[in-house]
Amino acid sequence: MNQSSIRVLVVDDEPAIRRALRPPLLELGFQVAEASRGEEALQALRAASYDAVLLDINMPGIGGIETLRRIRTFAPRLPVLMLTVRDQEEDKVEALDMGADDYVTKPFSVRELVARIRTAVRRVHAPARPEDAPIEIGEILLEPAKRRVTKRGAPVKLTRKEFDILYCLMSRAGRVITYAKLLTAVWGADCREEVEYLRTFVRQLRKKIEDDPSNPLYLLTDVYVGYRFADAQMFQGEPVAQTNARSPEDPPEDPS
């Protein structure tokens, strides 16, 4: 999809945020509409077609989380990116578990926001990939049917759980997978709270696929939220915003 044809609905109760976003998005060729409350956004989405929604979590009325829940009842594939503030980790997790495609933390750069919009829209319009089709991102090749992983053509020996974690992340590259979702997918719902257990596996996995495990390029951390595998576009010459694998909130001894 051409960037100039992307229609974005910006939903935020703060006029200053909407005023700040509208000019640069228009300048970049996006079509922009606005809503100040969740109720107004739902009406707009039922009345017209949009390619992406930027949805603030904290709003009066029904709020961003409930607005997202209602959007998913009639538009399950519509890309929705949540606008959050830095100390809203629980809200980020809830939104992602409810089906948000991504989140952007205020204050954010327009470049980062545009990259995330484009990534989310591109995923929706990408052709469906068979579950057993090979996945190649950068120098990592994962072959689900053979349960084989190679890096620069050399085999990478993984345990069964390490392979399952990597497949779960690579098959959703560019998207944040919350700790609970990843634990449930690999170990089952009874283990969805075992975050430290997951971190141990991720540390081992990074040692096997990263050139520098302390500064990962592929397997990235969204602090206090979950993990994401780097978007394939990052390795194809197109700039893509990525969440840092480390941040000041991370304990120094625990990079995962």
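Cut-offs used in this document
- Residues numbered from 1 in each chain as written.
- Predicted model: local features only at pLDDT ≥ 70, side-chain atom pairs only at ≥ 80, totals over all residues.
- Heavy atoms only, no water.
- UniProt positions renumbered as here; feature names shortened; annotations may be inferred.
- Helix = DSSP H or I, 4+ residues; strand = E, 2+ residues; numbered from the N terminus.
- Pairing = 2+ DSSP bridges.
- Axes fitted to C-alpha atoms, helices over the stretch in contact; angles between N-to-C directions.
- Contact = heavy atoms within 4.5 Å.
- Salt bridge = Lys/Arg side-chain N within 4 Å of Asp/Glu carboxyl O.
- Buried < 20%, exposed > 50% of the residue type's maximum accessible area, 1.4 Å probe, protein only.

Q: Account for the UniProt feature "domain: OmpR/PhoB-type" (unreviewed entry) in the chain, with residues named and values stated.
A: The feature "domain: OmpR/PhoB-type" (unreviewed entry), as given by UniProt, occupies residues 132–231 in the numbering adopted here. Its end C-alpha atoms 19 Å apart, residues 132–231 is made of 35% helix and 23% strand.

Q: Lay out the environment of Pro-79 with the relevant residues and their values.
A: By the element assignment, Pro-79 lies in the loop between α3 (63–74) and β4 (80–85). As a C-alpha pair, Pro-79 and Asp-101 span 22 residues in sequence and 5.9 Å in three-dimensional space.

Q: Lay out the sheet that holds strand β3 (residues 52–56) in plain terms, naming residues and giving numbers.
A: Read across the sheet, 5 strands follow the order β2-β1-β3-β4-β5 without closing on themselves; strand pairing throughout is parallel. A single partner strand is all that each edge strand has here, and the edge strands are β2 (31–35) and β5 (102–106). Each adjacent strand pair in this sheet contributes to an overall mean axis angle of 20°, direction not counted. Here 5 bridges tie β4 to β5, and the two strands are oriented parallel to one another. Residue pairing for β5: Leu-83 is matched across the bridge by Val-104. This element, helix α4 (residues 89–97), spans β4 and β5 of the sheet and lies at about 160° to β5.

Q: Kindly report on the pattern of salt bridges, identifying the contributing residues and their values.
A: Counted by the stated rule, this structure contains 24 salt bridges. Note that Glu-14 is salt-bridged to Lys-106, the shortest N-O span being 3.8 Å. Pair noted here: Glu-14 is in the loop between β1 (7–11) and α1 (15–27) and Lys-106 is in strand β5, with a separation of 92 residues, a long-range link. For Lys-106, a relative accessible area of 13% puts it in the buried group. A salt bridge links Glu-143 to Lys-146; its shortest N-O distance comes to 3.8 Å.

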